Amino acid sequence: MGLRNIFIAIVAVFAIGMGAWLSYQLAVPPPTPRSATVLPATAPLPDFALLDQHGNAATRDTFHGQWDLVFFGFTNCPDVCPLTLQALASARKELLESDQDPLPRIVLVSVDPERDTPAVMNAYVSSFSNDILGVTGDLEELQKLTKGLGIFFAKSFAEDGNYSMDHSAAVLVINPEAELHSLFSAPHSIEDFVHDLPILTTGM
Amino acid sequence: MRSVFVFMAGLLLCGCSGEPAPLVAADVVLTKIRPGAEARAGYFSLTNTSGEPIVITAVSSPQFEAVEMHESVLEDGVSRMRALEKVTIAPDQTIKFEPGGRHLMLMRPTGATGTVTLHFLAGEAPLLSVTAAVGG
């Protein structure tokens, strides 16, 4: 009987172990973003009528059909804006090289439309990458977009009359249905973009 | 990560010939000026080798109409750029001007910028000049 009890005990321990292992396997959560914040519910982009860097219309429809990474900045910003665009361009290049699909598009929306004409935007964004979309246009139309997305911007005047722009530093992730899906808060890193974007765009 | 032109070895000048410079600059980097943009950033580290605090009140360059000391700050998710009226370096302290933080903003080039000189000033008094050939 002793042997039999030992046998039962071994089987029981094995069964418990298997059960624990199986439940662990089933309970492993899907990968989660380490930096990005996913909105509890997506929010459609508002209606707006702006221009791209070629002078063509840029509207909500422009954001249909692909994932977009949208950053708000301005070309006369020497530090944070080029750093962010460079980080986005580098992350996108890494994702491209690892055959990531879908590959998000990078979009720079100028919060300084007074100085950032489509021609200025074209020269500027193409210095980072040929596939960045630059968006600018009327201030009122810009405000429709920024207010709808909770993006802040304001002029900050220096003593000499020159101005800089204060602006929200987040990178917004827009899904192919032209809805705000998630966002990256600053400070940004290439590694976070590379880690999180496949999770955000494919759920894997 | 960034496209930068790295300053080649700088020439350190000191107002007090023979004495060691009280202020030493290293790792001077000038970001590439972007087409369409009018401003570029300058980054470096500065070490105060003297026994007294050093207060930098301005930086100038003959190659740019305007040079300002700035700081990028992030407040409640909003990126703001603020002019710094002065930067104080304690004895034996090294401070950095680096991406996303303190930086020089160099505006409106006066001509070719193959060689750039930066004058660090305390009021009117020159503290240090760095002349560097832009690489690349």
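Below or above, wherever it landed, is the structure these notes cover. (Residues numbered from 1 in each chain as written. Chains lettered and ligands numbered in written order. Predicted model: local features only at pLDDT ≥ 70, side-chain atom pairs only at ≥ 80, totals over all residues. Heavy atoms only, no water.)

Here the focus is the interface of chain A and chain B. Listed by partner, the interface residues are 29 residues for chain A and 29 residues for chain B. Taking both partners together, chain A and chain B bury about 2100 Å²; carbon and sulfur atoms supply 54% of that area. The largest contributions to the chain A side of the interface with chain B come from A:Pro78, A:Asp79 and A:Leu83, which together make up 27% of the buried area. Linking chain A to chain B there are 2 salt bridges. On the surface where chain A and chain B come into contact, there are 13 residue pairs in polar contact (both at pLDDT 80 or more). Put simply, the parts of the chain that give the side of chain A that touches chain B at least two residues each are helix H2 (80-97), helix H3 (118-126) and strand E8 (163-168) of chain A. Of the residues assigned to the side of chain A that touches chain B, the class counts are 15 nonpolar, 10 polar and 4 charged. Here 2 bridges tie E8(A) to strand E8 (residues 78-83) of chain B, and the two strands are oriented antiparallel to one another. Paired with A:His167 across the bridge in E8(B) is B:Ser79. (Contact = heavy atoms within 4.5 Å. Buried area = accessible area lost by both parts, 1.4 Å probe. Salt bridge = Lys/Arg side-chain N within 4 Å of Asp/Glu carboxyl O. Polar contact = N/O pair within 3.5 Å; in protein donor to acceptor, adjacent residues only side chain to side chain. Helix = DSSP H or I, 4+ residues; strand = E, 2+ residues; numbered from the N terminus. Nonpolar A, V, L, I, M, F, W, Y, C, P; charged D, E, K, R; others polar. Pairing = 2+ DSSP bridges.)

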